[in-house]
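Geometric and topological summary
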Amino acid sequence: MPDRPEHSRFATATFTGAAVSLGAVALLLGTGTATAQPAPVVVGMNERAAVDVLTATDVPYAIVNRSGFAGGHCTVTSQRDRGYHTVVEYEYDRADGEFDRIERQVWRGIGLTIVCR
């Protein structure tokens, strides 16, 4: 039976295409704990240590999910960017005698998932 190199080339091209596709999906969906602002990674820390680190670095946070026994040992299992929200303020402009609308984007910080055992 003759060797069929076209099959091995096809398999290699298919595997390479699949790997590139998976890489593109990971890039689009995001991997790890990317945030809109720099934030320390606190995944794996106990809750108290994570809160201390985030407070010391002035990173806003919220606990978005907590499960398990509240009196147990609590560990941060994931963190995610909570995005931005828009704050609208009005400032009086004396030159034209009207209020000017000013919109600011404010980072909401990171959300933490905590599991207690």
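See the structure shown above.
First, a word on what this report is: a plain description of the structure on this page. Everything numeric in this text was worked out from a predicted model, so none of it was measured.

Focus on the overall build of the protein
Tallying secondary structure elements over the protein gives two helices and five strands in all. Sequence-ordered secondary structure for the protein, helices as α and strands as β, is α-α-β-β-β-β-β. Taken across its 117 residues, the protein has 17% of its residues classed as buried. Here the contacts in the protein between residues at least 6 apart in sequence split such that 65% fall between residues at least 24 apart. With the model as given, the accessible surface of the protein reaches about 8,500 Å², and the carbon-plus-sulfur share is 58%.

Some words on the state of the cysteines
This structure, assessed with the given rule, holds one disulfide. Put simply, Cys74 and Cys116 are joined by a disulfide, and their sulfur atoms are 2.0 Å apart. Residues Cys74 and Cys116 share a disulfide whose torsion about the S-S bond is about 105 degrees; that sign makes it right-handed. With Cys74 in strand E2 (residues 74-81) and Cys116 in strand E5 (residues 110-116), the pair connects residues that are 42 residues apart, well separated along the chain. This pair shows no difference in class: Cys74 is buried, exactly as Cys116 is.

Re the nonpolar core
Membership of the largest hydrophobic core is limited to eleven residues, which are Val42, Ala50, Leu54, Val59, Cys74, Val76, Trp107, Ile110, Leu112, Ile114 and Cys116. Of all the secondary-structure elements, those providing two or more residues to this core are helix H2 (47-56), E2 and E5. Top element by residues in this core is E5. It accounts for four residues.

Some remarks on unusual backbone geometry
Positive phi, close to 55 degrees, is recorded for Asp58, a residue that is not glycine. Secondary-structure assignment places Asp58 in the loop between H2 and strand E1 (61-68).

What about the environment of Val41?
You can see Val41 is positioned in the loop between helix H1 (5-29) and H2. Taking the C-alpha atoms as reference points, Val41 and Val53, separated by twelve residues in sequence, lie 9.4 Å from one another.

Some points on a negative patch on the surface
On the surface, Glu91, Asp96, Glu98 and Asp100 cluster together into a negatively charged patch. With respect to the element layout, Asp100 can be found in strand E4 (residues 98-107). A relative accessible area of 31% means that Asp100 is categorised as partly exposed.

Some words on the packing of aromatic side chains
Per the counting criterion, the structure on display carries one aromatic pair. On the basis of an interplanar angle of 65 degrees and a centroid distance of 5.2 Å, the ring pair of Tyr92 and Phe99 is categorised as edge-to-face. Among the residues examined, Tyr92 registers a relative accessible area of 43% and is labelled partly exposed. The exposed category is assigned to Phe99, whose relative accessible area is 55%.

Here we look at the side chain of Thr113
On the secondary structure map, Thr113 appears in strand E5. In contact with Thr113, other than residues within four places in its own chain, are Val64, Asn65, Thr75, Val76, Thr77 and Ser78.

Here's the deal with the pairing of E4
Across ten bridges, strand E3 (residues 84-93) lies against E4 in antiparallel orientation. Following the sheet pairing, Tyr84 is matched in E4 by Trp107. Remark: four residues form the turn of the hairpin made by E3 and E4, two consecutive strands paired antiparallel; Gly97 in that turn has positive phi of roughly 70 degrees.

What counts and how
- Residues numbered from 1 in each chain as written.
- Predicted model: local features only at pLDDT ≥ 70, side-chain atom pairs only at ≥ 80, totals over all residues.
- Heavy atoms only, no water.
- Helix = DSSP H or I, 4+ residues; strand = E, 2+ residues; numbered from the N terminus.
- Buried < 20%, exposed > 50% of the residue type's maximum accessible area, 1.4 Å probe, protein only.
- Contact = heavy atoms within 4.5 Å.
- Areas by Shrake-Rupley, 256 points an atom, 1.4 Å probe, with all protein chains shown as cover.
- Disulfide = S-S within 2.5 Å.
- Core = buried A, V, L, I, M, F, W, Y, C linked by side-chain atoms within 4.5 Å.
- Patch = residues over 30% accessible without salt bridge, like charges linked within 9 Å, V, L, I, M, F, W, Y side chains within 5 Å.
- Salt bridge = Lys/Arg side-chain N within 4 Å of Asp/Glu carboxyl O.
- Lys, Arg positive; Asp, Glu negative; His and termini not counted.
- Charge placed at Lys NZ, Arg CZ, Asp CG, Glu CD.
- Phe/Tyr/Trp six-rings, centres within 6.5 Å; stacked < 30°, edge-to-face > 60°.
- Pairing = 2+ DSSP bridges.

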